[in-house]
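# Overview (structure and organization)
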Amino acid sequence: MSAPKKTPSAVSDQPSFAERLAALETIVKRMESGELPLEASLAAYAEGVQLLQACQTSLEQAEQTVMLLNQQQQLTPFEAN
């Protein structure tokens, strides 16, 4: 019996883009609630900045991949029915 295939997120210990985005949304909601003390707000803000930077990096990498595939003409135009 062969080993199960690993997804890209299972290969690395890094959270996926969707997980980072969900965590960022949770932080925003907590901060917008106004119930966090100052110290917790500052810590949440710092964590949010890190998550935002990681999300932006993921998006930039995805954009570069799409541009590369487009240059290699591996993408085909979408035609709606």
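Let us look at the structure shown here. (Residues numbered from 1 in each chain as written. Predicted model: local features only at pLDDT ≥ 70, side-chain atom pairs only at ≥ 80, totals over all residues. Heavy atoms only, no water.)

## Quick notes on the overall build of the chain
Cut-off, in case you're wondering: The way it works is that DSSP assigns letters per residue, a run of H or I at least four long becomes a helix, a run of E at least two long becomes a strand, and they are numbered from the N terminus. Exposure is judged per residue with a 1.4 Å probe applied to protein chains only, and the accessible area is read against the type maximum: over 50% gives exposed, under 20% gives buried, and values in between give partly exposed. Shrake-Rupley sampling with a 1.4 Å probe provides the accessible areas, and residues are treated as covered by the protein chains on show and by no other component.
The secondary structure content of the chain amounts to three helices and zero strands. For the chain, the sequential pattern of α-helices and β-strands runs α-α-α. Classification of the 81 residues of the chain by burial places 11% in the buried group. For the chain, the computed accessible surface area is about 7,200 Å², with 56% contributed by carbon and sulfur atoms.

## Details of the side chain of S58
So the rule is basically this: Throughout, a residue-residue contact means that at least one pair of heavy atoms, one from each residue, lies within 4.5 Å.
Mapped onto the fold, S58 is located in helix α3 (residues 38-71). On the basis of relative accessible area, S58 is assigned to the buried category, the value being 19%. Residue contacts for S58: discarding those within four places in its chain leaves F17 and R20.

## Here we look at α3
Where we set the bar: Given the number of residues in a helix, its expected span is that number minus one, multiplied by 1.5 Å.
Compared with the 50 Å implied by 1.5 Å per residue over 34 residues, the 49 Å span of α3 between its first and last C-alpha is a close match. Buried residues of α3: S41, A44, G48, L51, C55 and S58, and no others. Looking at the buried residues of α3, the elements they touch are α2 (17-33).

## Digging into a nonpolar patch on the surface
Condition: Patch members must show over 30% relative accessible area and no salt bridge, and they are joined within 9 Å when carrying like charges or within 5 Å when they are nonpolar side chains of Val, Leu, Ile, Met, Phe, Trp or Tyr. Salt bridge, as applied in this entry: a Lys or Arg side-chain nitrogen positioned within 4 Å of an Asp or Glu carboxyl oxygen.
A cluster of nonpolar side chains, contributed by F17, L21 and L59, occupies part of the molecular surface with about 240 Å² of accessible area. Mapped onto the fold, L21 is located in helix α2.

## A short note on α2
Quick note on the threshold: To be clear, the arc concerns the directions from the helix axis to the C-beta atoms.
For α2, which comprises 17 residues, the first-to-last C-alpha distance of 24 Å matches the rise-based estimate of 24 Å (1.5 Å per residue) to within 8%. Buried residues of α2: R20, L24 and I27, and no others. For α2, the arc enclosing every buried residue in end-on projection is 60°, short of the 170-degree limit, so these residues lie on one face. Along α2, the residues that are exposed and aim more than 90 degrees away from the buried face are A18, K29 and E32. Immediately beyond the C-terminal end of α2, within one or two residues, lies G34, with a positive phi of roughly 75°.

## Remarks on the side chain of S41
Looking at the secondary structure, you find S41 in helix α3. On the basis of relative accessible area, S41 is assigned to the buried category, the value being 19%. Setting aside residues no more than four positions away along its own chain, S41 makes contact with M31 and L36.

Honestly, it's all geometry; don't read function into it.
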